[in-house]
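Breakdown of the fold
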Amino acid sequence: MLFCGRFTLPLDRPLIMGIVNVTPDSFFDGGRHASPATAIEHALRLLEEGADILDVGGESSRPGALSVSVDEELRRVMPVVEAMRGRDVPVSVDTCKTEVMRAAIASGAAMINDIDALQDEGALAAVAGSDVAVCLMHKQGAPQTMQLAPRYDDVVAEVMAFLAARVAAAEAAGISRARLVIDPGFGFGKTLAHNIDLLRHLNRFRMLGVPLLAGLSRKAMLGKIAGLEAADERIYASIAAAILAVQKGARIVRVHDVKATREALQVVNIIEGNE
Ligand code: YH5
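These remarks concern the structure in this document. Given the structure is predicted, the values throughout are model-derived calculations rather than measurements.

Before going further, it helps to spend a moment on the overall build of the protein. Counting its regular elements, the protein contains nine helices and ten strands. At 17 Å, the protein has a C-alpha radius of gyration in line with the 19 Å of a compact globule built from 275 residues. Each principal axis of the C-alpha atoms in the protein carries an extent, and together these give about 40 × 40 × 40 Å. Residues counted as buried form 57% of the 275 residues belonging to the protein. Excluding contacts between residues fewer than 6 apart, the proportion of contacts in the protein whose partners are at least 24 apart in sequence is 68%. Carbon and sulfur atoms make up 54% of the accessible area of the protein, which totals about 11,400 Å². Positive and negative charge centroids in the protein, built from 29 and 34 side chains respectively, lie 3 Å apart.

Within a regular strand, the side chains alternate between the two sheet faces. Among the five residues of strand E7 (residues 133–137), five are classified as buried, and the element is accordingly described as predominantly covered. Residues of E7 alternate between two faces, with Ala133, Cys135 and Met137 on one and Val134 and Leu136 on the opposite face, all of them buried. Note: strand E6 (residues 111–114) against E7, four bridges, orientation parallel. Residue pairing in the sheet places Ile112 in a bridge with Val134 of E7.

The grouping of Val267, Ile270 and Ile271 at the surface amounts to a nonpolar patch, some 340 Å² of accessible area in total. Mapped onto the elements, Ile271 comes out in helix H9 (residues 258–272).

Next up on the list: the pattern of salt bridges. One pass over the structure, following the stated rule, counts 14 salt bridges. A salt bridge links Glu49 to Arg45, with the nearest nitrogen and oxygen atoms 3.0 Å apart. With relative accessibility at 48%, the residue Arg45 sits in the partly exposed group. Put simply, Asp52 and Arg262 hold a salt bridge, and the shortest N to O gap is 3.7 Å. In this pair, Asp52 is assigned in the loop between helix H1 (36–48) and strand E4 (53–57) and Arg262 in helix H9, connecting sequence segments 210 residues apart. With respect to class, Asp52 is no different from Arg262; both count as buried. Several salt bridges share partner residues, and in doing so they unite Arg13, Asp52 and Arg262 into one network.

Moving on to the packing of helix H8 (residues 235–247) against H9. Put simply, H8 and H9 touch, their axes get as near as 10 Å, and they point 35° apart. Read as a crossing pair, H8 and H9 show a hand that is right-handed. In contact with Ile235, Ile239, Ala242, Ile243, Val246 and Gln247 of H8, H9 contributes Ala260, Thr261, Ala264, Leu265, Val268 and Glu272. For the contact of H8 with H9, the class distribution of residues is nine nonpolar, two polar and one charged.

Along the chain, the position of Asp183 falls in strand E8 (residues 180–183). The spacing of Asp183 and Asp12 is 171 residues in sequence and 18 Å in space, taken between C-alpha atoms. Non-local contacts of Asp183, meaning those with residues more than four positions away in its chain, are made with Cys135, Leu136, Met137, His138, Leu163, Leu213 and Gly215.

We now examine the packing of helix H2 (residues 70–84) against helix H3 (residues 98–106). Packing of H2 against H3 brings their axes to within 10 Å, and their N-to-C directions diverge by 20°. By the angle between their directions, the pair H2 and H3 is classed as roughly parallel. H3 is crossed by H2, and the crossing has right-handed handedness. Here H2 contributes Val70, Glu73, Leu74, Met78 and Val81 to the contact with H3, which in turn contributes Glu99, Val100, Ala103 and Ala104. Here the contact of H2 with H3 is built from residues that sort into seven nonpolar, no polar and two charged.

In this section: unusual backbone geometry. Residues other than glycine seldom take positive phi values, yet Leu118 does so here, at roughly 60°. With respect to the helices and strands, the residue Leu118 is situated in the loop between E6 and helix H4 (123–128). Even without being a glycine, Arg218 presents a positive backbone phi close to 60°. Within the element layout of this structure, Arg218 appears in the loop between strand E9 (213–214) and helix H7 (220–226).

So, how was this worked out
- Residues numbered from 1 in each chain as written.
- Predicted model: local features only at pLDDT ≥ 70, side-chain atom pairs only at ≥ 80, totals over all residues.
- Heavy atoms only, no water.
- Helix = DSSP H or I, 4+ residues; strand = E, 2+ residues; numbered from the N terminus.
- Rg over C-alpha atoms; globule rule 2.2 N^0.38 Å.
- Buried < 20%, exposed > 50% of the residue type's maximum accessible area, 1.4 Å probe, protein only.
- Contact = heavy atoms within 4.5 Å.
- Areas by Shrake-Rupley, 256 points an atom, 1.4 Å probe, with all protein chains shown as cover.
- Lys, Arg positive; Asp, Glu negative; His and termini not counted.
- Charge placed at Lys NZ, Arg CZ, Asp CG, Glu CD.
- Pairing = 2+ DSSP bridges.
- Patch = residues over 30% accessible without salt bridge, like charges linked within 9 Å, V, L, I, M, F, W, Y side chains within 5 Å.
- Salt bridge = Lys/Arg side-chain N within 4 Å of Asp/Glu carboxyl O.
- Axes fitted to C-alpha atoms, helices over the stretch in contact; angles between N-to-C directions.
- Left-handed = near helix turned anticlockwise from the far one by under 90°.
- Nonpolar A, V, L, I, M, F, W, Y, C, P; charged D, E, K, R; others polar.
- Parallel < 35°, antiparallel > 145°, perpendicular 65-115°, else oblique.

Bear in mind that shape data such as this cannot, by itself, settle questions of function.
Right, dumping it as C-alpha cells:
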C-alpha cells in the first residue's frame, strides 16, 4: 500500500502513472500541451485509458532543458491540479520547487514527484507537513549539463546509496516510509551503459524496502538501442522496457502511452500472477 493524500493505492499489481506535460517546449508532443486547457484534455484522455496516477509537470526536465520561474510553473500546473480535483484519481506534481509543492498540496495534489529528491530548501518540511506521497529520484548533475560527462565507479551501488540516504532524510523529517517511492532516474546524468546497468539490476533496489518507480517511456536510451530517432516512434521499445521494469520489481511505471502499457501489463499480470 502507498499512502498518497486522500488515496491509498494498492501495490499488488503494477500501477501506471500517465505523463501530462504542460510545457510548450515539450519534445514529445511538439508543444501540444503547452496550455493548461490542452493538458487537462490530455489528462482526461489518460484517465480514460486507465492511468492509476496522473503526473503533471510544468518544468521540462529533459536533458538540456531550460529552467522556468516559480510563477510560470504555477501558471502551467495549478489549473490542471484544480481541474482534476473532482476526479477519482491521484494527481502527482512533477516539481523540484518547494513553493510549487506547497501550492500543489494545498490544491489537492496527492503526490510530489521530485527529480531532485526533496533537496530544495524547505522541501522536506513542505511534504512532511502534509499526507501526500513522494517520489525520490536520483540524478547526477543539473538537467542542463547532466548528459555531458556522466561518471560512476558502480552506478547501481552509487544510485542505491543516494536513494537510501534520501529515504533516511525523508523519514528523519517525519515522512513515513508508507508515503515514499524511489526511482533510479533513467537518463538523468547517465550514459547508455549506465542506464542498461540500472535496468538489468533494477531488482537490487528492492532491498531498500520502498516501492520502486521506473520512468523509461520514450527515453533516448530506447532510441539508441532500437535505432529510433523520433521519440513518438519509441512506443514498442517503451512497452518492452515497462514490462522488464515490472518483472524486475517496479511497482509504478511512468509512461506517455497509457493504453498500450495497460494492455501489455494486463497480459503480464495474468501470466505472472500479479492480479
Ligand atoms: C523519471 O524517470 N523523467 S522527465 C527524455 C525523453 C523522454 C522522456 C528524449 N520526470 C522521470 O520523461 N520523474 C521525467 O526522450 C521523471 N522518473 C520520475 N520520477 C523526462 C522524460 C523524458 C526525457
